[in-house]
4 protein chains.
Amino acid sequence: MIAKTPPMGWNSWDCYGASVNEETVRKNAKYMAENLAEAGYEYVVVDIQWYQPTADSHQYKSFAELSMDEYGRLLPAVNRFPSAKDGQGFKALGEYIHCLGLKFGIHIMRGIPRQAAFLNTKIKGTNITAREIALPNSICYWNPDMYGINTEAAGALEYYNSIFGLYAGWGVDFVKVDDIAREFHYGEIDLIRKAIDNCGREMVLSISPGASPLEQAEYFKQKVNMWRITDDFWDRWDLLEAMFERAEKWAPHSGAGHWPDADMLPVAAINQCYGEDEWTKFTQDEQITMMTLWCFLRSPLMIGSELTKLDDFTLKLLTNKDLLKMLSDSFNARQIYRRDDEICWLSVSKTGGYYSALFNTSDKEKEVRINLTSCEIDNVTQIFDLWSKEMIDIADALNVSVKPHGVRAFYIS
Amino acid sequence: MIAKTPPMGWNSWDCYGASVNEETVRKNAKYMAENLAEAGYEYVVVDIQWYQPTADSHQYKSFAELSMDEYGRLLPAVNRFPSAKDGQGFKALGEYIHCLGLKFGIHIMRGIPRQAAFLNTKIKGTNITAREIALPNSICYWNPDMYGINTEAAGALEYYNSIFGLYAGWGVDFVKVDDIAREFHYGEIDLIRKAIDNCGREMVLSISPGASPLEQAEYFKQKVNMWRITDDFWDRWDLLEAMFERAEKWAPHSGAGHWPDADMLPVAAINQCYGEDEWTKFTQDEQITMMTLWCFLRSPLMIGSELTKLDDFTLKLLTNKDLLKMLSDSFNARQIYRRDDEICWLSVSKTGGYYSALFNTSDKEKEVRINLTSCEIDNVTQIFDLWSKEMIDIADALNVSVKPHGVRAFYIS
Amino acid sequence: MIAKTPPMGWNSWDCYGASVNEETVRKNAKYMAENLAEAGYEYVVVDIQWYQPTADSHQYKSFAELSMDEYGRLLPAVNRFPSAKDGQGFKALGEYIHCLGLKFGIHIMRGIPRQAAFLNTKIKGTNITAREIALPNSICYWNPDMYGINTEAAGALEYYNSIFGLYAGWGVDFVKVDDIAREFHYGEIDLIRKAIDNCGREMVLSISPGASPLEQAEYFKQKVNMWRITDDFWDRWDLLEAMFERAEKWAPHSGAGHWPDADMLPVAAINQCYGEDEWTKFTQDEQITMMTLWCFLRSPLMIGSELTKLDDFTLKLLTNKDLLKMLSDSFNARQIYRRDDEICWLSVSKTGGYYSALFNTSDKEKEVRINLTSCEIDNVTQIFDLWSKEMIDIADALNVSVKPHGVRAFYIS
Amino acid sequence: MIAKTPPMGWNSWDCYGASVNEETVRKNAKYMAENLAEAGYEYVVVDIQWYQPTADSHQYKSFAELSMDEYGRLLPAVNRFPSAKDGQGFKALGEYIHCLGLKFGIHIMRGIPRQAAFLNTKIKGTNITAREIALPNSICYWNPDMYGINTEAAGALEYYNSIFGLYAGWGVDFVKVDDIAREFHYGEIDLIRKAIDNCGREMVLSISPGASPLEQAEYFKQKVNMWRITDDFWDRWDLLEAMFERAEKWAPHSGAGHWPDADMLPVAAINQCYGEDEWTKFTQDEQITMMTLWCFLRSPLMIGSELTKLDDFTLKLLTNKDLLKMLSDSFNARQIYRRDDEICWLSVSKTGGYYSALFNTSDKEKEVRINLTSCEIDNVTQIFDLWSKEMIDIADALNVSVKPHGVRAFYIS
């Protein structure tokens, strides 16, 4: 089973937008292998527009000429990914990442390039042309690259087979498909699901952007491995605070092989593509809150930062093994209550204990009391603080102090 | 802690509407003590309009004269409840029930009788009169008895204290307050909460009708012990099928002391007040489905039938100890998936196992397959069928046959 | 035909709320006969709660005892209307008003007194009692006096016949029925329509409050003579400004016998019941704007002030004959355009000319230009200013200066 | 003043979809000059995709290659319009139409061809290219030809100037701009308004498709000459019946220079492009109803049929001078009432009389009575039936018989 636990790794978007290049990917992969792999991080994901030679920021350039083969399949821009020369695509980069013991992921947009439709390229292995499957009026409103596919047309599945066949050849293990989840294009998700099943290589299927429609939860659970539950997440408290409600709604749908995705972790050095050297605006407590909430929800954990600049705090934050254990050991998480500024979550350990977290969303430190009996936790023998690593005195009720925008999280057995 | 597990018992509404009398209550209480108490049933609840002498059906009579004391407090109609003579109220009936080892509940409507406002009675222990606290424009649209209370007015709390003091004197253990949850009157709920806390006797506070607003979940959890999640529930498949979605939404809010209430169980002999002898229209499989869903949700279980007419099937249905154990042993229930006509629920046992149910909402028998690994249930050693009481062969996947509108439910350890 | 042109007159509400008395009505009627009748004002209307002995302001007292006869019919409170003694009702007051050459109107609430239901009075000429036709759950949310009528019940029409028979005996010419138009009770309007047709006396039927639902326009045109298009209108610019949009929507439905009602004119001395002597907060220009808009719409014109305190400006405002002529001479009014702060209306004269108005809703004086050709007004021979009474130079385009919140209105031939 | 009365003429869409050609246009223009011009028809309008060489029906072909000049300006497809050879565009066709004493109109889509963006053509007279003003994500969802314009971009107005300059050179008198009214692109309407004002030739500006938003009425009245109030109108009774409500809402906005457009008249031979010879499905009475309603509303009148196939009935229908006189003589039309299946309209004649119509939307012939006094029509001296051309007896009330889906229309003086 693929994605039996929530995928963990690194994604280039928060740091490099549409402009990431080969050197950066290799550097981050190497760092991950050496410093983060042991904690479970394994996917190295190249985000959007790796096929656009002039991309240099988080903004898209209208009508840019894209790197594309004779079958309308996008290829890495050689000026940004030198190893892609001579039509080699991401083969060399994938091999590098695999040699590090890691897995390789890429981002794509739903559909076929507008450029392919204009040039009317053939679909590989067929006599059908791009114009026969492209829908001129199915577009993404925030990115100008593609036309959607007429899923009823002959050649539609062949097109998706042709690109996933290419990716399989590159050694791709993870595909993040964009412009397909919020404006919910189930026909194309169906085709992509089939193309992955056809391609001869297991790949995690991740879909974006969010917020994905909650009423499609059953569909997502059957067809994809992770789906975004939010629009792009950045280092702002209002976005983090809003995630509690999203997590509450989606928690019942988190399970082996299918994960609600709260998006990348914008920690440490981010936004490095503007020639600037930006640092996350989250406080340390907010970052601890974020990691804790993501782990209770069992969201995928994709780091958004330039890894080589990680400081000690962030490295520890990302590799707290007692917390990360929740990704494989916990299930049936739910929000127990939300009262004013206090939010309490409970999750069950497969080995018989409980995980519990007390969040404080206010701007002041707070004394919080949790009555274990009323939380239906009986016969407590041990309470372990997942962040301070201390044992807590056992009593019927926990009285703990929680920092502003902070959390206290425990393993109770 | 009151209502640590979901209250279980009998309520007169499904069977007798507004017309129940003392003889009937005593007869059902006796039956319960002898046949159902061992399984956990304990509350005997007299539903609406026990104060209306001419009530004879599920319909209300406009402008009927109500039995009322000089303080505007409603009293049992003596023609229906003879032991209430001489202003004794429900004291004798309460004692009878307590002697059976059971607990005694009554129904009331939010507010003060319109009759009290017209006669301008005094509020007990004050010089304030009914007209000073009654709101002439706060009415229930389906029952003509009461005016709502101006919660800001002097005398408002004193009025509620005066009636709950009376009920405490009668030995009341459970109060179902109506016209207060769907049209959500939090001001009056607050006063009633205080009046119960003031009255010197523990009482379960149950509020009606539903559907209660989901966004008030935290309020309900703090203020009341059970709240209706649906309008009146009757023996129709469409209502039962609709309960799955309600249960899914409310399950995270079920916990010690506070229970989402899926309403009475309309089984066996119901609607006995019209001189007719009606039997539930639910099939046996539908009744098993209902009991199973109520137990996964941990809804209160209030039997709606004339108990003395229970047949063998129904008696077994209501006293399945392996299933009823869920009320005290299970927690963190959730719907795992809903796919076409299959619905799968999972709940956690405090003793380390799992409860799982596979519902079939279609009109045909169905072969259902559940992959235990993908349900995150590892290391299965034993699977016990909660209804057939048989052990099931252990395998990675369960292949079971489920009847139309039926369910298969298991304890997995 | 009754109400062939929009009814004009005086109503006690703006000035005296629920507390008007006989002396005041007589005083205002006399003033109207002497000073306003010539301009067309004829109805003297006693507004709400003339049957409530202790009413003293615009507020209603809950559960007040009402003056009522043995048939549950409300009677004038004798302490407020001395000539109503000995069950004479409004007979003497009506005669007084008729002797002045004027017409007499009263206000009633939809339904039957709650007091009648409690006392269970008989309906005149029947053996049916109040409780048989009262609906305990049909109430007005802002006034505590009445229950609505079960229009299907035997006795319902008889009740309305009984009260309109009484009113016919009093010489009532105009009835304003409240709590019936916004929360649209067509069943009771139907009964009242029949009761008026049955009572042997012509009466204008006016319904309140607003905003009446626009989608019921055809119904109103067939059943009633005037209906409120707004909630209570007071002397605030925001309410006056909002009337332009209401007038635009309702103008097509203004016609002989059926008039959209923009409510009373809160000019000069209003709110006299609190022991205060309040004066309208409208500027003079705003009052001219109001009168002009009401006349283009052909709304009924009901003066809200204490007439004996009218100053010279207001008297002229209310009796501008050139403007008031629109009520009988104009038709097919419409808003020609609304552009920023300019609003232009056009109405057609039955004698071949046009009425045109240019409103300025801004806070600054404005030069406004209106192109007569583009307004489809050809062959202009004469332009007369309806307020300044001056002739304007004829040209293809009018360039006029309009005061803040003011208007310029013309008759063009 | 342009469009002082509602434009009348012929449009190729109903008959030829996207496939009309030069021969057909000339043939219809000639017929119009000889048979319809005297009644007031003057515009000959070539509808959508005259620049698409392979268009052959009402359907659009995705990614077709369009006839375009070096500046990204679309040109007539020479295979369909032979006189457009050598870059002459519509010059010769325009001259032919002008020589017939008629006026020449064309249809365009909002925006710049996608083909221009792909080829990155220069905008005439500038160094700016198509890609700099095209918005890749502003598209029409039902036609694949264009991208919308970034109205803020340098070059945006220059582009529109360049195409309207071209059209002025062709002698265009009327431009119907599509994909701009319902999805309301006011920025591009503003630019087009300016480009027309700049081009040195008067042109009627018509915008499509509908329903245009009613709340933009003032904007339309200032910027364009006609705007569609409905989606495409075809020969179906439900569409015609629905037009009554649209006409009622829009009638107050009809006036010199600005006309609500109820769309083409699908009479006689329509849908001729499929090799079929289809005839309107409207009954004769329905067609009379349509013409009457359009004339009361003063909608533009654009014939949708192949003119050379007009039969005698249709020719008379389209040239009823007594009815067509309303376009110049009537104003302030409104719906007087709508009662069950009867709809009554009234319009005012500039020469002192009235136009009145009684529609019957039921499926049965109906006797309809109209009380002239209650319609505020006094002093009737003469009633003329606009369709039968007979004088009607004068009386206080008209009793007339109206055919199913039919109308009786009168001039009353």
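All figures in this text were calculated on a predicted structure; none of them were measured in a lab. (Residues numbered from 1 in each chain as written. Chains lettered and ligands numbered in written order. Predicted model: local features only at pLDDT ≥ 70, side-chain atom pairs only at ≥ 80, totals over all residues. Heavy atoms only, no water.)

A. Highlighting the overall build of chain A. Scanning chain A from terminus to terminus reveals 13 helices and 21 strands. Within chain A, contacts between residues separated by at least 24 positions form 73% of all contacts whose residues are at least 6 apart in sequence. About 14,600 Å² of surface is accessible on chain A, with carbon and sulfur atoms providing 46% of the total. Of the side-chain charges in chain A, 42 are positive and 58 negative, and the distance between the mean point of each set is 3 Å. (Helix = DSSP H or I, 4+ residues; strand = E, 2+ residues; numbered from the N terminus. Contact = heavy atoms within 4.5 Å. Areas by Shrake-Rupley, 256 points an atom, 1.4 Å probe, with all protein chains shown as cover. Lys, Arg positive; Asp, Glu negative; His and termini not counted. Charge placed at Lys NZ, Arg CZ, Asp CG, Glu CD.)

B. Seen up close, the relation of the copies chain C and chain D. Least-squares fitting of chain C to chain D yields an RMSD of 0.0 Å, with the superposition described by an axial translation of 0.0 Å and a rotation of 180 degrees. This pairing of chains is accounted for by a two-fold axis. Looking at the rotation axis and the C-alpha trace of chain C, the residue lying nearest is G352(C), at 2.8 Å. Comparing contact sets, 100% of the residues at the interface of chain C also lie at the interface in chain D, consistent with an isologous, same-surface contact. (Least-squares fit on C-alpha atoms with pLDDT ≥ 70 in both.)

C. Spotlight on the sheet that holds strand β5 (residues 134-135) of chain A. Residue and element names in this part refer to chain A. Taken in spatial order, the three strands make up an open sheet running β4-β6-β5, and their pairing is antiparallel. A strand with exactly one partner marks an edge of an open sheet, and here the two such strands are β4 (112-113) and β5. Here two bridges tie β5 to strand β6 (residues 146-149), and the two strands are oriented antiparallel to one another. Each residue of the ladder has a partner; that of A134, found in β6, is I149. Relative to the sheet, helix α6 (residues 156-170) contacts β4 and β6, its axis offset from that of β6 by approximately 125 degrees. (Pairing = 2+ DSSP bridges. Axes fitted to C-alpha atoms, helices over the stretch in contact; angles between N-to-C directions.)

D. Layout of the packing of helix α9 (residues 237-250) of chain A against helix α10 (residues 284-297) of chain A. Residues and elements named next belong to chain A. At their nearest, the axes of α9 and α10 sit 11 Å apart, and the two run at 15 degrees to each other. Taken together, the axes of α9 and α10 lie roughly parallel to each other. Note that α9 runs across α10; the crossing there is left-handed. Contacts from W237, L240, M243, F244, A247 and W250 of α9 reach α10 at E286, T289, M290, L293, W294 and L297. (Parallel < 35°, antiparallel > 145°, perpendicular 65-115°, else oblique. Left-handed = near helix turned anticlockwise from the far one by under 90°.)

E. Examining the interface of chain A and chain B more closely. Of the residues lining the interface, 30 residues belong to chain A; the matching set on chain B comes to 30 residues. Across the chain A to chain B interface the summed buried area is about 2,500 Å²; carbon plus sulfur atoms make up 45%. At the boundary of chain A and chain B, one finds two salt bridges. Two residues, E376(A) and R298(B), come together in a salt bridge whose shortest N-O distance is 2.6 Å. Seen at the junction of chain A and chain B, the total is 13 residue pairs in polar contact (both at pLDDT 80 or more). (Buried area = accessible area lost by both parts, 1.4 Å probe. Salt bridge = Lys/Arg side-chain N within 4 Å of Asp/Glu carboxyl O. Polar contact = N/O pair within 3.5 Å; in protein donor to acceptor, adjacent residues only side chain to side chain.)

F. Looking closely at unusual backbone geometry. Residue P209(B) is reached from S208(B) by a cis peptide bond, and omega for that bond is -20 degrees. Non-glycine residue A268(C) carries a positive phi angle of around 50 degrees. If you trace the backbone, A268(C) turns up in the loop between β10 (259-261) and β11 (269-270). If you check the backbone angles, A3(D) has positive phi at about 55 degrees while not being a glycine. Take A3(D): it is sitting in the segment before β1 (8-11). On the basis of relative accessibility, which here comes to 10%, the residue A3(D) falls in the buried class. (Buried < 20%, exposed > 50% of the residue type's maximum accessible area, 1.4 Å probe, protein only.)

The values are spatial; any link to function lies outside them.
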